[in-house]
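Letter by letter, the chains look like this.
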Amino acid sequence: MAVPKRRAIVSLHREVERLVAQSGVQDGLVLINAMHITASVFINDNEEGLHHDYEVWLENLAPFDPSSQRYHHNRTGEDNADAHLKRQVMGREVVVAITAGQLHLGPWEHIFYYEFDGNRRKRVLVKIIGE
Amino acid sequence: MAVPKRRAIVSLHREVERLVAQSGVQDGLVLINAMHITASVFINDNEEGLHHDYEVWLENLAPFDPSSQRYHHNRTGEDNADAHLKRQVMGREVVVAITAGQLHLGPWEHIFYYEFDGNRRKRVLVKIIGE
Amino acid sequence: MAVPKRRAIVSLHREVERLVAQSGVQDGLVLINAMHITASVFINDNEEGLHHDYEVWLENLAPFDPSSQRYHHNRTGEDNADAHLKRQVMGREVVVAITAGQLHLGPWEHIFYYEFDGNRRKRVLVKIIGE
């Protein structure tokens, strides 16, 4: 998936639904995880105001600072230490039940990818097990 | 489950133990997740002082504020943006191993539901896989 | 595993790789979780500067304070309330896909144990399911 901005919240929901249907698995689990260490997969509301609130809140908890004064990680030449911190708050992965061939979710649960250091192609792993 | 307060920590431990025993699964995994996006399932100590500390700490990290100045989500008419933030710190789900027909946990691990926007009935999903 | 300091980040990566290979499982999931409630298992960069940044950041979010003024949990005689809070930020567990008999990870994903209240022996659970 192309992530053309530094930070972005991208819905994975339809694609995960499609992959689960295609798998034919009726009863099992699906793991959805970022394959990058500056990104998260999370489940929450599909509402733009809330996504804005996450941005502001995470920036306050772990501010972007490309200097190497605040973050030692940036002494390696990187500028993305804050992204490694933000990702820990939002999590790496979600595990969702599959029941009767479908994602077994509450009515407002929506699956998202959250990129904290984008501007390049990114990958998500969807692993389905069951029968 | 009825959650008669706005915020509450409710033990799920005995119920999950019961469901695992009832399933007959000897070796596998159990996923326990909130079906709501303003709640968490987490594992930690069954100790009231610590639960009080979580309340104070989370309120400090993501304060309740029903206005729509601080949180854009509350422009939708909701007042629970803080609950969507707190849930991300505590997590949506836990995955626990089943070995020899029982929850495979450390001695102090206890499974809880954490509600951040209650006063109504709430649901938790317990999904058991294995053989 | 011996954790001779109060706080330490310990790589589990090679050991999990070894256990997955030994299991013979070609396609499945592996759950890796702390069996202690003052510790985390997480996936992020194998880079010392970043590990230093986690230390500073978590200490700021949930400061160590052995007194029972700040943390009620410490009224039980414990001094580790901060460790129970830090563990929630970093998470209890990770679930990783197994594909073609190997851990299915992105290029920089590395599995770590993070101890927040050590100075004693600690245990991690590695549960492999699949076929």
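Residues numbered from 1 in each chain as written. Chains lettered and ligands numbered in written order. Predicted model: local features only at pLDDT ≥ 70, side-chain atom pairs only at ≥ 80, totals over all residues. Heavy atoms only, no water.

### A few points about the interface of chain C and chain A
- Taken together, the 31 residues of chain C in the interface contact 26 residues of chain A.
- Carbon and sulfur atoms make up 61% of the area that chain C and chain A hide from each other, which totals about 2,200 Å².
- Inspection of the chain C/chain A interface yields 2 salt bridges.
- We note a salt bridge from Lys127(A) to Asp27(C), for which the minimum N-O separation is 2.7 Å. (Contact = heavy atoms within 4.5 Å. Buried area = accessible area lost by both parts, 1.4 Å probe. Salt bridge = Lys/Arg side-chain N within 4 Å of Asp/Glu carboxyl O.)

### Brief notes about the side chain of Gln88(B)
- You can see Gln88(B) is positioned in helix α3 (residues 81-90).
- Sequence-distant contacts of Gln88(B), defined by excluding residues within four places in its chain, comprise Phe42(A), Ile43(A), Asn44(A), Tyr54(A), Val89(A) and Met90(A). (Helix = DSSP H or I, 4+ residues; strand = E, 2+ residues; numbered from the N terminus.)

### Observations concerning empty space enclosed by the protein
- All chains considered together, the criterion is met by 2 cavities of 30 Å³ or more.
- Approximately 530 Å³ is the volume found for the largest cavity.
- As for the largest cavity, its lining consists of 33 residues, and the residues nearest its centre are Gly91(A), Glu93(A), Gly91(B), Glu93(B) and Gly91(C).
- Of the residues assigned to the lining of the largest cavity, the class counts are 18 nonpolar, 6 polar and 9 charged.
- Looking at the second largest cavity, its volume works out to about 50 Å³.
- If you trace the second largest cavity, you find it lined by Leu61(A), Val89(A), Leu61(B), Val89(B), Leu61(C) and Val89(C).
- Class assignment for the residues of the lining of the second largest cavity results in 6 nonpolar, no polar and no charged. (1 Å grid on protein atoms, 1.4 Å probe; cavity = no way out; pocket = protein on both sides within 12 Å on 5 of 7 lines; lining within 4 Å. Points joined across faces, edges and corners; volume = space filled by probe spheres on them. Nonpolar A, V, L, I, M, F, W, Y, C, P; charged D, E, K, R; others polar.)

### Examining the layout of surface pockets
- Within this model, the largest pocket holds a volume of roughly 520 Å³.
- Residue assignment for the lining of the largest pocket shows that the elements contributing at least two residues are β9 (124-130) of chain A, β9 (124-130) of chain B together with β3 (27-34) and β9 (124-130) of chain C.
- Classifying every residue of the lining of the largest pocket gives 5 nonpolar, 4 polar and 6 charged.

### Let's talk about the interface of chain A and chain B
- Listed per partner, the contact involves 31 residues of chain A and 26 residues of chain B.
- Between chain A and chain B, roughly 2,300 Å² of surface is buried when both sides are summed, and carbon and sulfur atoms account for 62% of that area.
- Seen at the junction of chain A and chain B, the total is 2 salt bridges.
- Between Arg92(B) and Glu109(A) there is a salt bridge whose closest N-O contact spans 2.7 Å.

### Regarding the relation of the copies chain A and chain B
- By a simple turn and slide, chain A fits onto chain B: the slide is 0.0 Å along the axis, the RMSD is 0.0 Å, and the turn is 120°. What the superposition gives is, in effect, a three-fold axis relating one chain to the other. Looking at the rotation axis and the C-alpha trace of chain A, the residue lying nearest is Val89(A), at 3.3 Å.
- Mapped onto chain B, only 19% of the interface residues of chain A are again interface residues, and the two copies thus contact each other with different surfaces. (Least-squares fit on C-alpha atoms with pLDDT ≥ 70 in both.)

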